[in-house]
Amino acid sequence: MSSADADTQRRIANRLKRARGQLGAVIAAVEEGGDCRAVVTQLAAVTSALDKAGFQIVASAMKDCMTEPEAETQAATDTRGVSMAELEKLFLSLA
């Protein structure tokens, strides 16, 4: 994530904060015995927000790899870098 530009990081953080708020609402609804449909609907919104944040993180990393292909070679030895194979695995883990 360190290579993502500040605007991308801000958007991802905002999306995750919204998901955190939605998850809080889901937990409160469960604890209060809320309506099943409302709880599931909110839970689906949380899941969607988290998925979108994950895809945005992977897409940002892919963009970096495409604009800096030499970074993929360094990624094999650098613990901060992400190779295209790792990106593919991360992407598929979200699917």
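Note that the coordinates shown come from a computational prediction; the quantities given were computed from them, not determined experimentally.

Asks: For this particular structure, what's the right way to read the pattern of salt bridges?
Replies: Two side chains carrying opposite charge are able to pair once their charged atoms lie near each other. Following the criterion strictly, the structure yields 3 salt bridges and no others. The shortest N-O distance in the salt bridge between Arg10 and Asp7 comes to 2.4 Å. You can see Arg10 and its partner Asp7 sitting in helix H1 (residues 6-31), 3 residues apart, about one turn around the helix. Asp7 serves as the salt-bridge partner of Arg11, at 2.4 Å between the closest nitrogen and oxygen. Of this pair, Arg11 and Asp7 both sit in helix H1, 4 residues apart, roughly one helical turn. Accessibility expressed as a relative area gives 35% for Arg11, which makes it partly exposed.

Asks: What is the right way to look at the environment of Ala28 in this model?
Replies: Here Ala28 lies in helix H1. With relative accessibility at 27%, the residue Ala28 sits in the partly exposed group. Sequence separation between Ala28 and Val39 is 11 residues; the distance between their C-alpha atoms is 9.4 Å.

Asks: Explain H1 here, please?
Replies: An α-helical segment advances 3.6 residues per turn. Residues three or four places apart therefore align on the same side. Taking 1.5 Å per residue, 26 residues should reach 38 Å; H1 reaches 37 Å between its end C-alpha atoms and fits that length. Residues of H1 that are buried include every one of Thr8, Ile12, Ala19 and Val26, and no others. Measuring from the backbone nitrogen of Asp7 back to the side-chain oxygen at the start of H1 gives 3.0 Å, which picks out Asp5 as the cap. Once H1 ends, the next one or two residues include Gly33, with phi positive near 70 degrees.

Asks: Hey, could you run me through a nonpolar patch on the surface in this one?
Replies: Where nonpolar side chains cluster on the molecular surface, the patch consists of Leu23, Ile27 and Leu43 and spans about 240 Å² of accessible area. Along the chain, Ile27 falls in helix H1. Relative accessible area serves as the criterion here: at 43%, Ile27 is assigned to the partly exposed category.

Asks: What is the right way to look at the side chain of Gln56 in this model?
Replies: On the secondary structure map, Gln56 appears in helix H2 (residues 36-67). If sequence neighbours within four positions are ignored, Gln56 has contacts with Arg11, Ile12 and Arg15.

Asks: Help me understand the confidence of the model for the protein chain, please; the structure alone is not making it clear to me.
Replies: Should the pLDDT be low somewhere, the predicted coordinates at that spot are not to be read in detail. Mean pLDDT for the protein chain: 81, with 77% of residues reaching 70 or above. When pLDDT is averaged over each element of the protein chain, H1 comes out on top at 93 and helix H3 (residues 70-75) at the bottom at 52.

Asks: Help me understand the environment of Met62 in this model?
Replies: Looking at the secondary structure, you find Met62 in helix H2. Judged by relative accessible area, which is 32%, Met62 ranks as partly exposed. Separated by 26 residues in the primary sequence, Met62 and Glu88 place their C-alpha atoms 9.1 Å from one another.

Basis of the calculations
- Residues numbered from 1 in each chain as written.
- Predicted model: local features only at pLDDT ≥ 70, side-chain atom pairs only at ≥ 80, totals over all residues.
- Heavy atoms only, no water.
- Salt bridge = Lys/Arg side-chain N within 4 Å of Asp/Glu carboxyl O.
- Helix = DSSP H or I, 4+ residues; strand = E, 2+ residues; numbered from the N terminus.
- Buried < 20%, exposed > 50% of the residue type's maximum accessible area, 1.4 Å probe, protein only.
- Expected span 1.5 Å × (residues − 1).
- Polar contact = N/O pair within 3.5 Å; in protein donor to acceptor, adjacent residues only side chain to side chain.
- Patch = residues over 30% accessible without salt bridge, like charges linked within 9 Å, V, L, I, M, F, W, Y side chains within 5 Å.
- Areas by Shrake-Rupley, 256 points an atom, 1.4 Å probe, with all protein chains shown as cover.
- Contact = heavy atoms within 4.5 Å.
- pLDDT = per-residue confidence, 0-100.

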